[in-house]
Amino acid sequence: QVQLVESGGGLVQAGGSLRLSCAASGGAFRLYVMGWFRQAPGKEREFVAAISRSGGSVNYADFVKGRFTVSRDSAKRTVYLQMNSLEPGDTAVYYCAADRRVSDLSPRLVSSESWGQGTQVIVSS
């Protein structure tokens, strides 16, 4: 299985931007559908975005459409989440997920076989 390490989180003011990175090692990166999830204190983990193996297809949760962009760089074995127009409600720990077994880009990726440790994003008002 692939191992995942997220980075890029931090404290940002409302309206600002952050780019999260998720570096993969130890597996065939091209075989994995990649997803981003987030979890705020006291809330369940929720789907944010996902990208297909080729990078040609993406899917987003309704609450991030138009603000976030997911992408992947196979040469760097890294998936990114560019987050613009951040809102206080985006405050959460953001997790990267990877799965070889599925092809759908959906919240069902919550059952992914590999997860990173998470990176904290705090958006101040």
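For the structure, see preceding data.
Source: prediction; values computed, not measured.

So, how was this worked out
Residues numbered from 1 in each chain as written. Predicted model: local features only at pLDDT ≥ 70, side-chain atom pairs only at ≥ 80, totals over all residues. Heavy atoms only, no water. Phe/Tyr/Trp six-rings, centres within 6.5 Å; stacked < 30°, edge-to-face > 60°. Helix = DSSP H or I, 4+ residues; strand = E, 2+ residues; numbered from the N terminus. Buried < 20%, exposed > 50% of the residue type's maximum accessible area, 1.4 Å probe, protein only. Salt bridge = Lys/Arg side-chain N within 4 Å of Asp/Glu carboxyl O. Polar contact = N/O pair within 3.5 Å; in protein donor to acceptor, adjacent residues only side chain to side chain. Contact = heavy atoms within 4.5 Å. Pairing = 2+ DSSP bridges.

S.K.: Can you help me understand the packing of aromatic side chains in this one?
M.R.: Summed over the entire model, instances satisfying the criterion amount to three aromatic pairs. Note on Tyr 95 and Trp 115: the rings are 6.5 Å apart at their centroids and 75 degrees apart in plane angle, and the pair reads as edge-to-face. With a gap of 20 residues between them, Tyr 95 in strand β9 (residues 92-99) and Trp 115 in strand β10 (residues 114-115) connect regions that are remote in the sequence. The exposure class of Tyr 95 is buried, given its relative accessible area of 14%. You can call Trp 115 partly exposed: its relative accessible area is 24%.

S.K.: So what exactly am I meant to see when it comes to the pattern of salt bridges here?
M.R.: Any two side chains of opposite charge can pair if their charged atoms end up close together. For the coordinates displayed, the defined rule picks out seven salt bridges. As a salt-bridge pair, Glu 46 and Arg 38 come within 2.7 Å of each other at their nearest N and O atoms. Take Glu 46: its relative accessible area is 31%, and that puts it in the partly exposed class. Across the pair Glu 87 and Arg 67 runs a salt bridge, and its minimum N-O distance is 4.0 Å.

S.K.: Help me out: how do you make sense of the side chain of Asp 99 in this one?
M.R.: Structurally, Asp 99 can be placed in strand β9. Given a relative accessible area of 3%, Asp 99 falls into the buried group. A polar contact of 2.7 Å, which involves the side chain of Asp 99, links it to the backbone nitrogen of Arg 101. Setting aside residues no more than four positions away along its own chain, Asp 99 makes contact with Leu 31, Tyr 32, Val 33, Arg 53, Leu 109, Ser 111, Ser 112 and Glu 113.

S.K.: What's the story with unusual backbone geometry in this structure? I'm lost.
M.R.: Most peptide bonds take the trans form, and the phi angle of most residues other than glycine is negative. Look at Arg 77: it is not a glycine, yet its phi comes out positive at around 55 degrees. A positive phi angle, near 50 degrees, is found at Ser 85, a position not held by glycine. With respect to the secondary-structure elements, Ser 85 resides in the loop between β8 (78-83) and β9.

S.K.: What is the right way to read the pairing of β8 from this model?
M.R.: When a strand is regular, its side chains alternate between the sheet's two faces. Burial analysis of β8 places five of its six residues in the buried class, the great majority of the element. The pairing of strand β7 (residues 68-73) with β8 spans six bridges and is classified as antiparallel. Directly across from Arg 72, in β8, lies its bridge partner Val 79. Between β7 and the antiparallel strand that follows it, β8, lie four residues; Arg 77 among them carries a positive phi value of about 55 degrees.

S.K.: What is the right way to read the environment of Ser 125 from this model?
M.R.: One can find Ser 125 in the segment after β11 (119-124). The spacing of Ser 125 and Glu 44 is 81 residues in sequence and 23 Å in space, taken between C-alpha atoms. Ignoring any residue separated from it by four or fewer positions in sequence, one finds Ser 125 in contact with Ala 14 and Pro 88.

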